[in-house]
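# Report on the structure
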Amino acid sequence: MKLQITMVETNETNLSKFPPACFMNYSHPGCSLKQEWVRSQFNHGLKIKHLFVKDERKSVGFIEYIDGEHCWRAVQASGYLFIHCLWVTPNKYKKHGLGSLLLADCCADAELLGKRGVAVVAGNGSFIADKSLFLKNGFVEVATTKSGYSLLVKMLQSGDPPYFTAWEAQLARVSGFQLLYSNQCPWVARAIPELQEVAAEAGVALQVTELKSPKEAQNAPSIYGVFNLIYDGKLLADHYISTTRFKNILKKLPKSRTVV
């Protein structure tokens, strides 16, 4: 079956019509916070593109990328375009080349802008694309972590490749029970008040800090950068988690973290 595809780029004038909702209800506060974040990043080269299939109301594919100097991951990628997110859903639209189509458009944009290439962090879990899509589209792996993250790049010009920042050193410096986050991901934006409420009900002292700049995200204590749940230098979660999982984490905390 050949799909009838339309690509739409989100910009300042049509953001409310084509928001990066990421499976969320457009009216949810997390989506609104994401839109505010998007508006703040347009002047840093942020691009968001959706794929629509004929007769489908919502987009079935999505890519978000930005100038590497302003990426919101624990990566240094100066001179590159950096992909934050890429997804295709529902499953019936996978294996139709939609992910490759989005990547090709991003790489063409990078070439037009004179970038050294395109970089991305991939993984093997939820909320992050698998590296197989990038490898089959000419990306190569330049760095990995024990936790399963890969830094991949498609080179368009010669130059030094991107690299992970010293996130482990940053992690070791974090004391107490802390949650550092950014509204770059709408699911993270959605989770923060929910997790704060759960912690308060459990009588647990949780210090919550918003990362408000790319530099802060690039120096975050985890690769994903925009969600960092930490207890005394140990990374408990590095992406959006449900309140159920959070409650289970709280049960395992030392009693000293409980507010008296």
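Anything mentioned here points back to the structure above.
None of these values were measured; they are calculated from a predicted model.

### So, the nonpolar core
With 60 residues, the main nonpolar core has Val121, Phe177, Phe227, Leu229 and Phe246 as its most contacted residues. No other element matches helix H5 (residues 186-202), which puts seven residues into this core. Counting residues in hydrophobic clusters, the runner-up holds 25 residues, among them Leu51, Leu86, Cys107 and Leu152.

### With respect to the packing of aromatic side chains
One pass over the structure, following the stated rule, counts seven aromatic pairs. Ring centres of tryptophan 37 and tryptophan 72 lie 5.4 Å apart, and the angle between their planes is 80 degrees; this geometry places the pair in the edge-to-face category. Placement of the pair is tryptophan 37 in helix H1 (residues 29-41) and tryptophan 72 in the loop between strand E3 (61-67) and strand E4 (75-76), with a sequence separation of 35 residues. The pair tryptophan 37 / tryptophan 72 is uniform in exposure class, with both members buried.

### Quick notes on the layout of surface pockets
Considered as a void within the structure, the largest pocket measures approximately 780 Å³ in volume. If you trace the largest pocket, you find 34 residues lining it, with Leu86, Trp87, Val88, Ala129 and Asp130 closest to the centre. Elements with a contribution of two residues or more to the lining of the largest pocket: strand E5 (80-88), helix H2 (98-112), strand E6 (117-122), helix H3 (131-135) and H5. Considering every element that reaches the lining of the largest pocket, the biggest residue donor is E5, with six residues. When grouped by side-chain class, the residues that make up the lining of the largest pocket number 20 nonpolar, nine polar and five charged.

### Describing H2
An ideal rise of 1.5 Å per residue puts 21 Å on 15 residues; H2 measures up with 21 Å between its terminal C-alpha atoms. For H2, the full list of buried residues reads Leu98, Gly99, Ser100, Leu102, Leu103, Cys106, Cys107, Asp109 and Ala110. Just past H2, the residue glycine 114 takes up positive phi, approximately 75 degrees.

### Concerning the sheet that holds strand E12 (residues 227-231)
Strand order in the open sheet made by the four strands is E11-E10-E12-E13, with mixed pairing throughout. Each having just a single partner strand, strand E11 (207-210) and strand E13 (234-237) make up the two edges of the open sheet. Strand-to-strand twist in this sheet, taken as the mean axis angle between neighbours without regard to direction, amounts to 25 degrees. Relative to E13, E12 runs antiparallel, the two sharing three bridges. Paired with leucine 229 across the bridge in E13 is alanine 237. The sheet strands contacting H5 are strand E10 (177-181), E11 and E12, and the helix crosses E10 at an angle near 155 degrees.

### Quick look at the pattern of salt bridges
Under the counting rule described, the total for this entry stands at seven salt bridges. A salt bridge links glutamate 141 to lysine 131, with the nearest nitrogen and oxygen atoms 3.1 Å apart. With a gap of ten residues between them, glutamate 141 in strand E7 (residues 140-144) and lysine 131 in helix H3 connect regions that are remote in the sequence. Judged by relative accessible area, lysine 131 falls into the partly exposed class, the value being 32%.

### Notes on empty space enclosed by the protein
In this approach, a probe sized like a water molecule rolls over the atoms, and the result shows the empty space that is left. Using the criterion set out here, one finds one cavity of 30 Å³ or more in the structure. Taken as a whole, the largest cavity spans an internal volume of roughly 30 Å³. Taken together, Arg73, Ile83, His84, Val120, Val121, Phe127, Ile128 and Tyr224 make up the full set of residues lining the largest cavity. Of all the elements in the fold, those that place two or more residues in the lining of the largest cavity are E5 and E6. A per-class count over the lining of the largest cavity returns six nonpolar, one polar and one charged.

### Let's talk about the environment of aspartate 55
Note on placement: aspartate 55 falls in the loop between strand E2 (47-53) and E3. It is 9.3 Å that separates the C-alpha atoms of aspartate 55 and glutamine 4, two residues lying 51 residues apart in sequence.

Criteria and cut-off values
As a convention, each chain's residues are numbered from 1 in the sequence order in which they are written. Selection of residues for local features in this predicted model requires a pLDDT of at least 70, selection of side-chain atom pairs for listing and counting requires 80 or more, and totals for whole chains, interfaces and linings are taken over all residues. Neither water nor hydrogens contribute to the side-chain values; these are computed over all heavy atoms in the structure. Here, the term nonpolar core denotes a set of buried Ala, Val, Leu, Ile, Met, Phe, Trp, Tyr and Cys residues that are joined through side-chain atoms within 4.5 Å. For the exposure calls, accessible area comes from a 1.4 Å probe over protein chains only, and a residue counts as buried if that area is under 20% of its type's maximum, exposed if over 50%, partly exposed in between. Strands here mean DSSP runs of E at least two residues long; helices mean DSSP runs of H or I at least four residues long; both are numbered from the N terminus. Stacked, tilted and edge-to-face are the three classes applied to pairs of Phe, Tyr and Trp rings, where Trp contributes its six-membered ring and a pair requires centres within 6.5 Å; stacked means planes under 30 degrees apart, edge-to-face means over 60, and tilted covers the rest. Here the term cavity refers to a set of points on a 1 Å grid, laid over the protein atoms alone, in which a 1.4 Å probe fits but cannot get out; the term pocket refers to an open set having protein on both sides within 12 Å along at least five of seven lines, with lining residues being those that place an atom within 4 Å of a point. Grid points are joined across faces, edges and corners, and a volume is the space filled by probe spheres set on the points. Here the term charged refers only to Asp, Glu, Lys and Arg, the term nonpolar to Ala, Val, Leu, Ile, Met, Phe, Trp, Tyr, Cys and Pro, and the term polar to all other amino acids, Gly among them. The length a helix should cover is 1.5 Å for every residue beyond the first. When DSSP locates at least two bridges between a pair of strands, those strands are taken to pair. Angles shown run from 0 to 180 degrees and are taken between the N-to-C directions of axes, each axis being a line fitted to C-alpha atoms and, for helices, limited to the stretch in contact. In what follows, a contact means two residues having at least one pair of non-hydrogen atoms within 4.5 Å. The working definition used for a salt bridge is a side-chain nitrogen of Lys or Arg within 4 Å of a carboxyl oxygen of Asp or Glu.

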